[in-house]
Amino acid sequence: MYAPFPTSPLPAQRTGPGGGTGRGFAVVDVETTGLGRSDRVISAGVYQLDPDGEVTDHWYTLVNPERDPGPVWIHGLTSDVLAGAPTFPEVAAELAERLRDRVMVAHNALFDWNMISREFSRAGLRAPVEQRLCTMVLARDLRLPLPNGKLSSLAAHFGVSQRQAHHALDDARVLAEVFRPSLALARDGGVPLPLTTCVAVTDLGEGDAAPAGPSRGSWGSSYRPARKRPACPYPNPGRWKDGSPLVQGMRVAITGDTATDRELLEDRMIEAGLHIASSVSRLTSLLVTNEPTSWSGKARKARDYGTPVVGEDAFLQLLREVAPHPGA
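The residue count restarts for each chain, going from 1 along the sequence in the order it is written. For a predicted model such as this one, the threshold for reporting local features is a pLDDT of at least 70, and the threshold for listing and counting side-chain atom pairs is 80 or more; totals across whole chains, interfaces and linings nevertheless cover every residue. As a rule here, side-chain values come from all non-hydrogen atoms in the structure, and water together with hydrogens is ignored.

**Notes on the nonpolar core**
Stated precisely, the cut-off is as follows: Each nonpolar core is a collection of buried residues, namely Ala, Val, Leu, Ile, Met, Phe, Trp, Tyr and Cys, held together in the definition by side-chain atoms within 4.5 Å. Residue burial is assigned from relative accessible area. The probe radius is 1.4 Å, only protein chains are included, and a residue is buried under 20% of its type maximum, exposed over 50%, and partly exposed in between. The numbering of helices and of strands both runs from the N terminus, where a helix is a DSSP run of H or I of at least 4 residues and a strand a run of E of at least 2. Note on contacts: a residue pair is in contact if any heavy atoms of the two residues lie within 4.5 Å.
Membership of the largest hydrophobic core comes to 30 residues, with the highest contact counts inside it found for V28, L99, I116 and F120. Looking at this core, the elements with two or more residues in it are β1 (25-32), β2 (41-49), α3 (88-99), β4 (103-106), α4 (109-122) and α5 (135-141). If we ignore the near neighbours within four places in the chain, the residues touching V28 are G45, V46, L99, M104, V105, A106, D112, I116 and L175. Within the second largest apolar cluster, 27 residues are counted, among which are V55, L146, L154 and A172.

**So, the pairing of β4**
In summary, the side chains of a regular strand alternate between the two faces of the sheet. Definition in use: Any two strands with at least two DSSP-identified bridges between them are counted as paired. A right-handed crossover is one whose linking path, passing over the helix from the first strand to the second, runs clockwise when the strands point away from the viewer.
Of the two faces of β4, both are covered, the one formed by V103 and V105 as well as the one formed by M104 and A106. One ladder, built from 3 bridges, connects β1 with β4; its direction is parallel. Bridging from a neighbouring strand, F25 pairs with V103 of β4. Here 3 bridges tie β4 to strand β5 (residues 131-134), and the two strands are oriented parallel to one another. What sits directly across from M104, in β5, is R132. Viewed along the sheet, the connection from β4 through α4 into β5 turns out right-handed.

**Re the sheet that holds β2**
Two strands in a sheet stick together by hydrogen bonds in their backbones, pointing the same way (parallel) or opposite ways (antiparallel). Quick note on the threshold: Fitting a line to C-alpha atoms yields each axis, with helices limited to the stretch in contact; the angle taken between N-to-C directions then spans 0 to 180 degrees.
Taking strand neighbours across the sheet as the criterion, the 6 strands line up as β3-β2-β1-β4-β5-β6 in an open arrangement whose pairing is mixed. The open sheet terminates on both sides in strands that have one partner only, identified here as β3 (55-62) and β6 (195-197). Across the sheet, the mean angle separating the axes of adjacent strands is 25° when strand polarity is ignored. Its contacts with the sheet put α3 on β1, β2 and β3, and the angle it makes with β3 is roughly 155°.

**Comments concerning the packing of helix α8 (residues 262-271) against helix α10 (residues 312-319)**
How we decide: Here is the rule for handedness: rotate from the far helix to the near one, and if that takes an anticlockwise turn smaller than a right angle the crossing is left-handed, while a clockwise turn gives right-handed.
As a packed pair, α8 and α10 sit with axes 11 Å apart at the nearest point and diverge in direction by 35°. The element α8 and its partner α10 pack so that their crossing is left-handed. Residues L265, R268 and M269 of α8 form the contact with α10, whose own contacting residues are F315, L316 and L319.

**A few points about unusual backbone geometry**
Despite not being glycine, D101 has its phi angle at roughly 65°, a positive value. Relative to the helices and strands, D101 resides in the loop between α3 and β4. A positive phi angle, near 55°, is found at R143, a position not held by glycine. Given a relative accessible area of 74%, R143 falls into the exposed group.

**Regarding the sheet that holds strand β10 (residues 309-310)**
As summarised here, the arrangement of the 4 strands in space is β8-β7-β9-β10, forming an open sheet in which the pairing is parallel. Each edge of the open sheet is held by one strand with a lone partner, namely β8 (275-277) and β10. One ladder, built from 2 bridges, connects strand β9 (residues 286-288) with β10; its direction is parallel. Counterpart to L287 in the pairing with β10 is V309. Across the sheet, α8 lies against β7 (251-254) and β8, angled at about 175° from β7, the strand it touches most. Where helix α9 (residues 297-305) meets the sheet, its contacts fall on β7, β8, β9 and β10, and the angle it forms with β9 comes to roughly 145°.

**Structural notes on the environment of L99**
The residue L99 is located in helix α3 in this model. Residues L99 and V129, 30 residues apart in the sequence, show an inter-C-alpha distance of 6.4 Å. Excluding its chain neighbours within four sequence positions, the residues that come into contact with L99 are A26, V28, I116, F120, P128 and V129.

**With respect to the pattern of salt bridges**
Let me state the cut-off plainly: What makes a salt bridge here is a side-chain nitrogen of Lys or Arg within 4 Å of a carboxyl oxygen of Asp or Glu, nothing more.
Scanning all chains against the criterion turns up 14 salt bridges. Residue E119 pairs with R40 through a salt bridge whose shortest N-O separation is 3.0 Å. Within this pair, whereas E119 is found in helix α4, its partner R40 is found in the loop between β1 and β2, the two being separated by 79 residues in sequence. With relative accessibility at 2%, the residue E119 sits in the buried group.

**Here's the deal with the packing of α3 against α4**
This is how it is decided: In what follows, roughly perpendicular refers to angles from 65 to 115 degrees, roughly parallel to angles under 35, roughly antiparallel to angles over 145, and oblique to any angle outside these ranges.
Look at α3 against α4: their axes get within 10 Å of each other, and the N-to-C directions meet at 125°. With respect to α4, the element α3 is oriented oblique. Viewed along their axes, α3 and α4 form a crossing whose handedness is left-handed. Contacts between α3 and α4 involve F88, A92, L95, A96 and L99 on the former and, on the latter, I116, E119 and F120.

See below:
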């Protein structure tokens, strides 16, 4: 078991470049009012690590979203608790300094990046992050024997105790503690770190209606009624193969939570000429999920049929260059 990281304040310590990671890593967790484009950050925790994965500092703040706090039963942050907290523009400079010149590390990193990037954009700023690393992807690349993609499973694998789940500082601490041995395993095994270039989010969801109030079982503005989608004009060219591009007409299914707004993701799939599959069958080309070992119906069928599976980050990369259908 690895020695736990502290939670009391430590003096900041800057490190020089090393291992292509600049000053090191910023391990981040944010709690939010929901999962949609118009949702807001309500707390943030950051652990700064040097290029070798050793902790140098940590920081935590509440953030007043100036709106309903969303699923209080999950994060425990009520309107009364947040009323006296600073707004995001008031903490943006300090958060920026803790992220600057570091690789941002998070669990399902695309979600945290999207939320943070949108908050900076609303403040007329750009988050100073050039690369992010998703620990879900790293765990997959390391072939860790995990039952699912949850942070709690990754923590259990490395013997790290969670003290207060869904508290941004404690989740960041847990993530920092599991990232340190993961980083060592990657370097010892010659496994490349799955670094992803961060593109600033400009779609702020300002046209989305904010939820009138929290309702158990939903995350406010992340819910939208299903829209009728146009039929894909291309026949299915078959299954996607690892290392190959997506091809127009491929049947792609999605299961579980996605950091990218689902409606936006489906719009991009349609524009690329892909078929949105509502279920998984032997004809499905690809399943997109951030929890490939979950027990959702689609994930179980994908395992039964041997359907290729990729995470959201990887799928977004594939969406950038979809090959034309061979019959087009």
